Amino acid sequence: MVAALYVELPKDATADSRVREEKANGPQRGPEVEAVSNDRLVVLVTGSVASGKTSLLERLQGSTARWWRICGFTSKGNARDFRCGNPSATYRLSLVGLSTSLPWAMRPTPNSAFQFCEATRLEVTEAVGARLKDGTADICFLDEIGQLELAGRGFAELFRLALTSPCRIVVAAVKKSRFAEVVAGFGLAEVHVIDLDQVSAEQGFREAKRQIATSDAERIGAFAGIGGLVEVGLGSTLHAYRVPFKGHALAYLQNVLLVAFGKALHGRGLVRISFISAMLKAFSPAGGTFRPMAYIFLQGLSFAAPIRLLGWNIGSVIMGSVIMGWLTLAMSLAVDYVTFGKSIFDAFGAAIAAFSSWLGVQGPSLLQVLIAAFALKAAVAVGLAIAAFFGDMQPLVRRLGARKTNHGDDRGFDRRDAASRRSMAMTAVTALRDLSRPRFVVAFLVSALLLLFFAGLPQSDFMNLIVRGLCISYLGFVALRRIDVQSLGAWLDRHTGMGLGRSLPVALDALGRTPAPPPTSNSVNASPPSSPMATVTYRSTDSRDLDVPPGSLSRTP
């Protein structure tokens, strides 16, 4: 039980000079391991008494607890006082994740100043401060910052720590009468404001959620750039030297990187990372890119699916890694089946039997070989998942993030977009050239020889399969020439809010490309009337997406 040692706040308390040091020094950047922007998201929730600030913070905590590591506290007044229309005479603090509450503030008489429990302040500061210092929190919720903190007391120290710690997102309720002083006193040059006197609680919640969700955009872009760097650089090198099983090797490396990225993001954004990495494969200088682009995305999607269902933990990581490994092999078999039908598997089985007979041993059946292949893929995937999950992948991510590649054409996306706008006739003619590429010719010839010598097909059936394979391959090259990945990304941005418009320039920079100009920002610089010296940057997403009247989310509180 916490002893209730209350300390009274003088009515004439003003901002302490120590608080203003933050403005001169600026926020320190946390020791992030990835090569990304360390811009901190600061969301200030303000409004009049009983406007719902605490309720909004509690709702945000509930909606972010699964995918974000959260810490902080909320301060709740006596509900009975509010129902009667009176200011609360007592407040209790609740730490994030705990059901118990601690005594915090009380007003002995209606006209007296609040008295605050020093023991509660020390306990809360120690508990939340430990999470902030060791970097195990992504979001810190503080309720609320006001006159006490401006005097250098209360949770001023904790607020400053949150603004300079590795924690990337700070959501704080700020007393409206002290809003401008808090912004100026703590040196908050850029904040996102939700004024519950100007917007409804639902609109404020959706805006805060949108800001939190998009705060990962640059990190996701940097991670996707690393993934694209591996695929474009290493993948092209392996292809140039005709390294066997390079697709499986790259899939294993992608698996390790996704685990490393998932550790940094606590399982968030893996589908977006895979999608952008697949888009960046368009810059690959070696061979066609449609098939590996599809592989990269589908493999990432299969890895992320169990994590979306079960959360970020070792079990879901192992499950995703196994599914990803199996999918790599299954897609190769599926492509062979679609191209040549069942005959290609008959040829594989006959080739295994012939090789076993040559060795003079009782060889396995094709089914046994496939089962063994899937078991081996699963064993390797489990080993890599465990090693990456519990190992230190930061040096690898650092080294990859610090490198850029000069492979490919800087106009890769522009060229692919131009190709998608060509006439169908021109696309059809251009796709014929893909059939003569050495990579395709060699792979197709190997499959044709297997069918010829081991499938036991009549000549007419053999010729039909060859024609079928050429036709299906040609249609695939036509689809490659028509696909427009930028338009697809823009469509996903409009309909899903994936933040690709902010992630893609960062990913392109990792490849040594000149990012496209960023979209026009609707940020507004304003000076709250109560403090002409304080500049607050309001960033809001398109209000049309939120069903909010234009400008209502960016008014000065």
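Because the structure is a prediction, the values reported are computed rather than measured.

K.L.:
For this particular structure, what's the right way to read the overall build of the protein?
P.N.:
Counting its regular elements, the protein contains 22 helices and 11 strands. A burial count over the protein gives 48% of its 557 residues as buried. Within the protein, contacts between residues separated by at least 24 positions form 75% of all contacts whose residues are at least 6 apart in sequence. Surface summary for the protein: the accessible area is close to 26600 Å², and the carbon and sulfur share equals 60%.

K.L.:
Looking at this model, I keep getting lost on helix α14 (residues 343-359). Mind explaining?
P.N.:
The α-helix winds at 3.6 residues per turn, so residues separated by three or four positions along the chain end up facing the same way. Taking 1.5 Å of rise per residue, 17 residues should cover 24 Å, and α14 covers 24 Å from first to last C-alpha, within 8% of that figure. Among the residues making up α14, those that are buried are S343, I344, F345, A347, A351, I352 and S356.

K.L.:
Any chance you could explain the packing of aromatic side chains here in plain terms?
P.N.:
Ring pairs (aromatic) are described by centroid distance and by the angle formed between their planes. Taken as a whole and judged by the stated rule, the model has 14 aromatic pairs. Ring centres of W104 and F116 lie 5.1 Å apart, and the angle between their planes is 55°; this geometry places the pair in the tilted category. With a gap of 12 residues between them, W104 in strand β5 (residues 101-106) and F116 in strand β6 (residues 115-117) connect regions that are remote in the sequence. Looking at F116, the relative accessible area reads 13%, which means it is buried. Ring centres 5.7 Å apart and planes at 35° place the aromatic pair W312 and F389 in the tilted group. Note that W312 is positioned in the loop between α12 (290-310) and α13 (314-340) and F389 in helix α15 (residues 366-390), a separation of 77 residues in sequence. With respect to burial, W312 and F389 carry one shared label: buried. The rings of F73, Y91, W104, F114, F116 and F155 are connected pair by pair, giving a single aromatic cluster.

K.L.:
When you look at the confidence of the model for the protein in this model, what are you seeing that I'm missing?
P.N.:
Where the model shows low pLDDT, its predicted coordinates should not be examined in detail. For the protein, the average pLDDT comes to 74, and 69% of its residues sit at 70 or higher. Below pLDDT 50 for its whole length, residues 1-38 participates in 93 contacts with residues either more than four positions away or in separate chains. With pLDDT under 50 throughout, residues 515-557 is counted as low confidence; its partners more than four residues away or in other chains account for 94 contacts.

K.L.:
How do you make sense of the nonpolar core when you look at a structure like this?
P.N.:
Taken as a class, soluble globular proteins show a tendency for nonpolar side chains to be buried jointly. Counting 55 residues, the largest nonpolar core has V171, F261 and I273 as the members making the most contacts within it. A per-element tally of this core places helix α10 (residues 246-265) first, with 9 residues.

K.L.:
I keep staring at the side chain of S302 and nothing clicks. Help me out?
P.N.:
Tracing the sequence through the fold places S302 in helix α12. Polar side-chain contacts of S302 include one of 2.7 Å to the backbone oxygen of Q299. Setting aside anything within four residues of it in sequence, one finds S302 in contact with G320, I323, M324 and L327.

K.L.:
Help me out: how do you make sense of unusual backbone geometry in this one?
P.N.:
Apart from glycine, the bulk of residues carry a negative phi angle, and the bulk of peptide bonds sit in the trans form. Following D143, the chain continues to E144 via a peptide bond in cis, the omega torsion being -5°. The backbone of H266 shows a phi angle near 60°, a positive value even though the residue is not glycine.

K.L.:
Hey, could you run me through a nonpolar patch on the surface in this one?
P.N.:
A surface patch of nonpolar side chains, amounting to about 480 Å² of accessible area, comprises L445, L449, L452, F453 and F454. Its location among the elements puts L452 in helix α19 (residues 438-454).

K.L.:
Just checking my understanding: could you explain the pairing of β5 for this structure?
P.N.:
Regular strands place side chains that alternate from one sheet face to the opposite one. With 5 bridges connecting them, strand β4 (residues 90-95) and β5 associate as antiparallel partners. Directly across from Y91, in β5, lies its bridge partner A105. Here β4 folds back onto β5, and the loop between the two strands holds 5 residues, one of which, G97, carries a positive phi near 90°. Across 2 bridges, β5 lies against β6 in antiparallel orientation. Following the sheet pairing, M106 is matched in β6 by Q115.

K.L.:
What should I look at first to understand the pattern of salt bridges in this one?
P.N.:
Proximity of charged atoms lets side chains of opposite charge pair with each other. Applying the stated criterion across every chain yields a total of 12 salt bridges. In this structure, E202 and R59 form a salt bridge, with 2.8 Å as the shortest nitrogen-oxygen distance. Placement of E202 in helix α8 (residues 201-214) and of R59 in helix α2 (residues 53-64) is noted, with a sequence separation of 143 residues between them. By relative accessible area, R59 is classed as partly exposed at 37%.

K.L.:
So what exactly am I meant to see when it comes to the packing of α2 against α8 here?
P.N.:
When two helices pack together, their arrangement is given by the angle between the helix axes and by the axis-to-axis distance. Here α2 crosses α8 at 45°, and the two axes come no closer than 10 Å. When the axis of α2 is compared with that of α8, the two are oblique. For the pair α2 and α8, the crossing hand works out as right-handed. The segment α2 lies against α8, with L56, R59, L60, S63 and T64 engaging A201, E202, G204, F205, A208, K209 and I212. Within the contact of α2 with α8, the residues separate by chemical class into 6 nonpolar, 3 polar and 3 charged.

K.L.:
Before we go on, may I ask you to explain the environment of G341 in this structure?
P.N.:
Mapping G341 onto the fold places it in the loop between α13 and α14. Taking relative accessible area as the criterion, G341 reaches 7% and is therefore assigned buried. For the pair formed by G341 and L465, sequence separation is 124 residues and the distance between their alpha carbons is 7.9 Å. What G341 contacts, discounting residues up to four positions off in sequence, is D336 and R468.

K.L.:
Would you mind going over the environment of S88 with me for this structure?
P.N.:
Here S88 is to be found in the loop between α3 (79-83) and β4. Take S88: its relative accessible area is 1%, and that puts it in the buried class. Distance from S88 to M106, taken between C-alpha atoms, is 8.6 Å for residues 18 residues apart in sequence.

K.L.:
In this structure, what is going on with helix α18 (residues 424-434)? I would like to understand it.
P.N.:
Among the residues of α18, those classed as buried are T427, T430, A431 and D434. Buried residues of α18 fall within an arc of 105° about the axis and therefore sit on the same side. Exposed positions of α18 whose direction lies more than 90 degrees from the buried face are A425 and R433.

Calculation notes
- Residues numbered from 1 in each chain as written.
- Predicted model: local features only at pLDDT ≥ 70, side-chain atom pairs only at ≥ 80, totals over all residues.
- Heavy atoms only, no water.
- Helix = DSSP H or I, 4+ residues; strand = E, 2+ residues; numbered from the N terminus.
- Buried < 20%, exposed > 50% of the residue type's maximum accessible area, 1.4 Å probe, protein only.
- Contact = heavy atoms within 4.5 Å.
- Areas by Shrake-Rupley, 256 points an atom, 1.4 Å probe, with all protein chains shown as cover.
- Expected span 1.5 Å × (residues − 1).
- Phe/Tyr/Trp six-rings, centres within 6.5 Å; stacked < 30°, edge-to-face > 60°.
- pLDDT = per-residue confidence, 0-100.
- Core = buried A, V, L, I, M, F, W, Y, C linked by side-chain atoms within 4.5 Å.
- Polar contact = N/O pair within 3.5 Å; in protein donor to acceptor, adjacent residues only side chain to side chain.
- Patch = residues over 30% accessible without salt bridge, like charges linked within 9 Å, V, L, I, M, F, W, Y side chains within 5 Å.
- Salt bridge = Lys/Arg side-chain N within 4 Å of Asp/Glu carboxyl O.
- Pairing = 2+ DSSP bridges.
- Axes fitted to C-alpha atoms, helices over the stretch in contact; angles between N-to-C directions.
- Parallel < 35°, antiparallel > 145°, perpendicular 65-115°, else oblique.
- Left-handed = near helix turned anticlockwise from the far one by under 90°.
- Nonpolar A, V, L, I, M, F, W, Y, C, P; charged D, E, K, R; others polar.
- Arc of directions from axis to C-beta.

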